[in-house]
Amino acid sequence: MSDPLTGSVPVPHSGTVRRLLSRVDGDLLDAAIGAFLEARRVPQPPADAAAGPVLRPIAVDGKAVRGSRTNTRTAVRLLAAMAHTAEVLAQRQVADKSNEIPAFRPLLKETDLTSTLITADALHTQHAHGTYLRERGAHYIAQVKANHPGLFNRVRRLPWREIALDHKDRTRAHHRLEIRRLRTAAFAHLDYPDAAQALHVVRWRKDLTTGKLTIERVYLITSLPPGTATGAQLAAWIRGHWKIENLLHHVRDRTFREDDSKVRTAALPRTMASLRNLAIGIHRQDGHTNIAAALRHTARDYRRPLTALGLT
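Residues numbered from 1 in each chain as written. Predicted model: local features only at pLDDT ≥ 70, side-chain atom pairs only at ≥ 80, totals over all residues. Heavy atoms only, no water.

### Notes on the side chain of R270
For step 1, the next point in the chain: Mapped onto the elements, R270 comes out in helix α7 (residues 268–285).
For step 2, the next point in the chain: Given the relative accessible area of 8%, R270 is considered buried.
For step 3, the next point in the chain: Only 2.8 Å separates the side chain of R270 from the side chain of D30, close enough to count as a polar contact.
For step 4, the next point in the chain: The contact partners of R270, leaving out residues within four places of it in the chain, are G26, D27, D30, L78, Q91, R92 and Q93. (Helix = DSSP H or I, 4+ residues; strand = E, 2+ residues; numbered from the N terminus. Buried < 20%, exposed > 50% of the residue type's maximum accessible area, 1.4 Å probe, protein only. Polar contact = N/O pair within 3.5 Å; in protein donor to acceptor, adjacent residues only side chain to side chain. Contact = heavy atoms within 4.5 Å.)

Below is the structure:
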């Protein structure tokens, strides 16, 4: 409200801003951010039918805001659904003394899952999650690890060496050479809702500075029937999920220094995490493929007002 005598608009006191942000409803804020980013998103042109199905990939991943931990309270943990183009579509706070699994359905409840592909880590390879996604009209690519021993052993023991290579790509960046190979196998009787294929990804990484070579084998399952997506398309979706994980964990920590934040009051940790997601989404929509570099360029202007308010 402007001053009736001078016409100037006084700046709220820092304490007022902190109290306001600490009382923000996190679910409503994340819903508003998701709607805003969705409204400013430029629709992608229709893909070539030969390149595979037109599905919007969405990554589900969690992250702890480590700086919010106190002597009496564990760190705030958030589960987010992000399009592979980096827009945050939804976010939920994981309940204390719980894990991400019960938050999966509430997270996606208000999101239109028609013609989408959900990617997630092995924690969310749950029968109930697979059934829920298929009922909502979504496909999935789910990672399989030893926390599901029966499923893991069945997929791992397939004769992968005898199966033809579906896709291979090679990249060289940041003093590292990386080769990824993908094989797929149709599976009619896999004990998982609507699972149609098993996937095997081998990642070779060589550090060009030290010469160290690491090999990682990843097993996944998908509801996409054989022939509906090319090897290149499947590889792009899998790699897209890994990129989103990197975005959530490394960019927010290294650029925004999230783990160094001492904000712990009420809803402030989640509020600030939501605002970081908003900044990442806007930069990505504005065409900055290197999110970290774009954020570093504007980090000074971002931090200055927050430091003045004691929010960093």
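That shown, we press on.
### Looking at unusual backbone geometry
For step 1, the next point in the chain: The phi dihedral of A86 is positive, around 90 degrees, even though this residue is not glycine.
For step 2, the next point in the chain: Along the chain, A86 falls in the loop between β2 (76–83) and β3 (88–93).
For step 3, the next point in the chain: Phi at S115 is positive, roughly 55 degrees, even though this residue is not glycine.
For step 4, the next point in the chain: Take S115: it is sitting in the loop between α3 (104–108) and β4 (116–120).

### Let's talk about the packing of aromatic side chains
For step 1, the next point in the chain: This model, assessed by the stated rule, comprises two aromatic pairs.
For step 2, the next point in the chain: Aromatic pair Y140 and Y192: ring centres 5.5 Å apart, planes at 75 degrees, arrangement edge-to-face. Taken together, the residues Y140 in strand β5 (residues 139–144) and Y192 in the loop between β7 (176–186) and β8 (197–207) connect sequence positions 52 residues apart. One exposure class covers both Y140 and Y192, and it is buried. (Phe/Tyr/Trp six-rings, centres within 6.5 Å; stacked < 30°, edge-to-face > 60°.)

### Quick look at the sheet that holds β8
For step 1, the next point in the chain: In space, the nine strands of this open sheet follow the order β3-β2-β1-β4-β5-β9-β8-β7-β6, with mixed pairing throughout. If you trace the sheet from one side to the other, it starts and ends with β3 and β6 (167–173), each paired once. Looking at each pair of strands side by side, their axes are set apart by 20 degrees on average, direction ignored.
For step 2, the next point in the chain: Sheet analysis places β2 next to β3, joined by five bridges and oriented antiparallel. By the bridge assignment, A80 is partnered in β3 with Q91.
For step 3, the next point in the chain: Against the sheet, helix α2 (residues 26–40) contacts β1 (56–65) and β3, and its axis sits at roughly 170 degrees relative to β3. (Pairing = 2+ DSSP bridges. Axes fitted to C-alpha atoms, helices over the stretch in contact; angles between N-to-C directions.)

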